[in-house]
Amino acid sequence: MTWYKVPDIQYTKNPFIKKVKVNGKGICLVGYEGEIYALAATCPHAGGELSGGWCKDGKLICPIHRYAYDIHTGKGDPGQNDYVDTYPVEIREDGIYIGITSFLEKVKNAFK
Ligand code: FES
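Overview of the structure.

The rules behind each value
Sequence order as written defines residue numbering, which begins from 1 separately in each chain. The predicted origin of the model limits local features to residues at a pLDDT of at least 70 and limits the giving and counting of side-chain atom pairs to 80 or more, whereas totals for whole chains, interfaces and linings rest on all residues. Excluding hydrogens and water, the side-chain values take into account all heavy atoms of the structure. Starting at the N terminus, helices and strands are each numbered in turn, a helix being any DSSP run of H or I of at least four residues and a strand any DSSP run of E of at least two. Note that the radius of gyration is over C-alpha atoms, with the globule rule given as 2.2 Å times the number of residues to the power 0.38. A simple rule labels every residue: compare its accessible area, found with a 1.4 Å probe on the protein chains alone, to the largest value its type can have, and call it buried under 20%, exposed over 50%, or partly exposed in between. What makes two residues a contact is simply this: any of their non-hydrogen atoms within 4.5 Å. The Shrake-Rupley method, run with a 1.4 Å probe sphere, supplies the accessible areas, and residue values consider only the shown protein chains as cover. By definition, two strands form a pair when at least two bridges between them are found by DSSP. One side-chain nitrogen of Lys or Arg within 4 Å of one carboxyl oxygen of Asp or Glu is enough to make a salt bridge.

## Describing the overall build of the protein
For the protein, the helix and strand inventory stands at 1 helix and 10 strands. Shown N-terminal to C-terminal, the secondary structure of the protein runs as helices and strands in the order β-β-β-β-β-β-β-β-β-β-α. Taken against the 2.2 N^0.38 rule, which gives 13 Å for 112 residues, the C-alpha radius of gyration of the protein at 14 Å falls within 12% of a compact globule. Based on the C-alpha atoms only, the size of the protein along its principal axes is roughly 40 × 35 × 20 Å. Looking at the protein residue by residue over its 112 residues, the buried ones come to 37%. Residue pairs at least 24 apart in sequence account for 41% of intrachain contacts in the protein once pairs closer than 6 positions are excluded. Taken as a whole, the protein presents about 6,900 Å² of accessible surface, with 50% of it coming from carbon and sulfur.

## Considering the pairing of strand E10 (residues 95–100)
The buried fraction of E10 amounts to 6 of the 6 residues, a majority that puts the element mostly inside the structure. In this structure, strand E1 (residues 2–5) lies alongside E10, joined through 4 bridges in antiparallel fashion. Among the inter-strand pairings, tyrosine 4 is bridged to a residue of E10, identified as isoleucine 98. Judged from the 4 bridges that link them, strand E9 (residues 89–92) and E10 form a sheet pairing that is antiparallel. Of the residues in E10, the one forming a bridge with valine 89 is isoleucine 98. Hairpin remark: E9 followed by E10, antiparallel, with 2 residues in the connecting loop.

## Here we look at the environment of aspartate 85
Looking at the secondary structure, you find aspartate 85 in the loop between strand E7 (68–70) and strand E8 (86–87). The partly exposed category is assigned to aspartate 85, whose relative accessible area is 36%. Along the chain, aspartate 85 and lysine 75 lie 10 residues apart, while their C-alpha atoms are 8.5 Å from each other. The residues touching aspartate 85, leaving out its near neighbours within four places in the chain, are Ala38, Leu39 and Ala40.

## What to know about the pattern of salt bridges
Counted according to the given criterion, the structure contains 3 salt bridges. Across the salt bridge formed by glutamate 49 and lysine 19, the nearest N and O atoms sit 3.0 Å from each other. Of this pair, glutamate 49 sits in the loop between strand E4 (35–40) and strand E5 (54–56) while lysine 19 sits in strand E2 (residues 16–22), placing them 30 residues apart in sequence. For aspartate 77, the salt bridge is made with lysine 59, and the minimal N-O distance between the two is 2.6 Å. Taken together, the residues aspartate 77 in the loop between E7 and E8 and lysine 59 in strand E6 (residues 59–61) connect sequence positions 18 residues apart. A relative accessible area of 23% means that aspartate 77 is categorised as partly exposed. Take lysine 59: its relative accessible area is 26%, and that puts it in the partly exposed class.

Given below as structure tokens:
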């Protein structure tokens, strides 16, 4: 896994939802109850932009058809049978960092 600094954003305890691009990957960054969460930016149902949605009870709600994804695990609500990828987040002195595992690393890990 490699850690990438999120450009143009500073840590805040205020709630927010923002799409960012990190290492060429679209990520939906969510500030919720003082913590920062990173999820895939695109809804797996029909491609909605999750950053246009909102948070409710620890879930990110897609603005298109209101599917809900747990911001901790990425797991969709029961009956949706889907999920979004989640990424580890670190708050460092100089900014917010997201850990991304490359496809090659995932393949290598699968054969360990
Ligand atoms: S596109 Fe997100 S719920 Fe349908």
